[in-house]
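Structural description and commentary
So the chains spell out like this:
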Amino acid sequence: MDQDSLKLSVAQAALDIIAPQLESNTILGIGTGSTANMFIDLLADVAHLFDGAVASSQASAERLKSHNIPVYDLNTVNQVAVYIDGADECNEALELIKGGGAALTREKIVAAVAKEFICIADGSKWVKVLGEFPLPVEVIPMARSHVAREIVKLGGDPVLREDVVTDNGNVILDVYNFPIPQPLATEAKINGIVGVVCNGLFALRPADRLLLGTADGVRDIKRPKSFLDS
Ligand SMILES: O=C[C@H](O)[C@H](O)[C@H](O)COP(=O)(O)O
């Protein structure tokens, strides 16, 4: 099975889980990227079953609107039932690296508000230790050099992502050669650098459920103790 077929299989699996729970007042959180795009396209068929969505990027908002799915400003919404999004890497604790599409900050905000976060990813994203994928860090433009020097002190190789400005008007440093055996501590440490808006580690708020597309089918992996249980 090719990667796109695996992405489609997890997008469909997510829809199968969510569709029976949709109600006329349900607001969904929708992520960004090629896997999320497949989910958005499938969601169009059940658009009449729920209220609308909040999106983690302008691109996803436009795609939702193209299917006549209402898109809300997060500030006008009381509750996001489920957030559905892809990932660049995931591990067995359902900690993630995200931000390959530069949408990490808005993704983290919507995930923080959502009652449940379902991550949809093809099997190539599964790793033992996070960090093979360069860690995206969103940075206030004037702090770019300062943040890069601080990241070098932590052992990483930061590279400015050329010609990319985030939806928030910031730049992205991608941190190479940076294995992350302790995602929680690393997420907090990088967030502590002045000028960092957000980094692509989702460990403080990991996924609650991971639908992982493999050649043998979709693996449905839940965190032992869900965010919903706390
Ligand atoms: O900023 C982008 C997001 O974090 C994406 O969810 C991530 O890059 C995965 O994208 P894709 O589904 O295209 O592999």
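If you're wondering where the values come from, they're calculated on a predicted model, not measured in any experiment.

For the rest of this paragraph, the subject is the overall build of the protein chain. Along its length, the protein chain carries six helices and 13 strands. Over its C-alpha trace the protein chain gives a radius of gyration of 17 Å, about what one expects of a compact globule, namely 17 Å for 230 residues. Judged by the C-alpha coordinates and their principal axes, the protein chain covers about 50 × 40 × 35 Å. Sorting the 230 residues of the protein chain into buried and exposed places 53% on the buried side. Within the protein chain, contacts between residues separated by at least 24 positions form 73% of all contacts whose residues are at least 6 apart in sequence. When the accessible surface of the protein chain is summed, it comes to about 10,600 Å², and 51% of that surface belongs to carbon and sulfur atoms. Of note, the protein chain has its 20 positive side-chain charges centred 5 Å away from the centre of its 30 negative side-chain charges.

Looking now at the site of the ligand. Close to the ligand lie 17 residues; Ser34, Thr35, Asp88, Gly99 and Lys125 are nearest. One of the backbone N or O atoms of Thr32 is found 2.8 Å from an oxygen atom in the ligand. Contact between the ligand and Asp85: an oxygen atom at 3.3 Å from a side-chain N or O atom of the residue. Compared with its free state, where it exposes 380 Å², the ligand has 91% of that area covered by protein. Its residues assigned to classes, the shell around the ligand comprises three nonpolar, eight polar and six charged.

All right, on to the sheet that holds strand E2 (residues 52-55) then. Adjacent strands of a sheet form backbone hydrogen bonds with each other and so pair up, either parallel or antiparallel. Judged by pairing direction, the sheet is mixed, and its six strands sit side by side in the order E2-E1-E3-E6-E12-E13 without closing on themselves. Either end of the sheet is taken by a strand with one partner, and the two such strands are E2 and strand E13 (217-222). Neighbour to neighbour, the strand axes of the sheet diverge by 20° on average, direction disregarded. Summarising the sheet, strand E1 (residues 27-30) and strand E3 (residues 80-85) pair through three bridges and their orientation is parallel. Note that in E3 the partner of Ile30 across the bridge is Ile84. The sheet strands contacting helix H1 (residues 3-18) are E1, E3, strand E6 (114-122), strand E12 (209-214) and E13, and the helix crosses E12 at an angle near 145°. Helix H4 (residues 104-113) contacts E1, E2, E3 and E6 of the sheet and is inclined by roughly 130° relative to E6.

Turning our eyes to something else, we now look at the packing of aromatic side chains. All told, the structure shown has two aromatic pairs when counted by the stated rule. Aromatic side chains Tyr83 and Phe117 sit 5.1 Å apart centroid to centroid with 50° between the ring planes, which places their arrangement in the tilted category. Residue Tyr83 is located in strand E3, and its partner Phe117 is located in strand E6; the two are separated by 34 residues in the primary sequence. A relative accessible area of 0% places Tyr83 in the buried class. Put simply, the rings of Tyr83, Phe117 and Phe202 touch in pairs and so form one group of aromatic residues. Lying over the aromatic face of Trp126, Arg219 brings its terminal NZ or CZ to 5.2 Å of the ring centre.

Among the surface-exposed residues, Ile140, Met142 and Val197 lie close enough to one another that they form a single nonpolar patch of about 310 Å² accessible area. With a relative accessible area of 80%, Met142 lands in the exposed category.

Right, let's get into the sheet that holds strand E8 (residues 157-160). Strand order across the open sheet formed by four strands is E8-E9-E7-E10, with antiparallel pairing between neighbours. A single partner strand is all that each edge strand has here, and the edge strands are E8 and strand E10 (196-199). Direction aside, the axes of adjacent strands within the sheet are offset by 30° on average. Judged from the three bridges that link them, strand E7 (residues 135-139) and E10 form a sheet pairing that is antiparallel. Counterpart to Val139 in the pairing with E10 is Val196. Contacts between helix H5 (residues 144-153) and the sheet are confined to E7, E8, strand E9 (171-176) and E10, with E9 contributing the most and set at about 15° to the helix. Along the sheet, helix H6 (residues 183-191) contacts E7 and E10; its crossing angle with E10, the most-contacted strand, is approximately 165°.

Next up on the list: the environment of Val10. Looking at where Val10 falls in the secondary structure, it is placed in helix H1. Remark: the alpha-carbon pair of Val10 and Asp122, spanning 112 residues in sequence, is separated by 7.3 Å. Aside from chain neighbours lying at most four places away, what touches Val10 is Thr35, Ile120, Ala121, Leu211, Leu212, Gly213 and Val218.

Reading the values: rules and limits
Residues numbered from 1 in each chain as written. Predicted model: local features only at pLDDT ≥ 70, side-chain atom pairs only at ≥ 80, totals over all residues. Heavy atoms only, no water. Helix = DSSP H or I, 4+ residues; strand = E, 2+ residues; numbered from the N terminus. Rg over C-alpha atoms; globule rule 2.2 N^0.38 Å. Buried < 20%, exposed > 50% of the residue type's maximum accessible area, 1.4 Å probe, protein only. Contact = heavy atoms within 4.5 Å. Areas by Shrake-Rupley, 256 points an atom, 1.4 Å probe, with all protein chains shown as cover. Lys, Arg positive; Asp, Glu negative; His and termini not counted. Charge placed at Lys NZ, Arg CZ, Asp CG, Glu CD. Near = heavy atom within 4 Å. Polar contact = N/O pair within 3.5 Å; in protein donor to acceptor, adjacent residues only side chain to side chain. Nonpolar A, V, L, I, M, F, W, Y, C, P; charged D, E, K, R; others polar. Pairing = 2+ DSSP bridges. Axes fitted to C-alpha atoms, helices over the stretch in contact; angles between N-to-C directions. Phe/Tyr/Trp six-rings, centres within 6.5 Å; stacked < 30°, edge-to-face > 60°. Lys NZ or Arg CZ within 6 Å of the ring centre and 35° of its normal. Patch = residues over 30% accessible without salt bridge, like charges linked within 9 Å, V, L, I, M, F, W, Y side chains within 5 Å. Salt bridge = Lys/Arg side-chain N within 4 Å of Asp/Glu carboxyl O.

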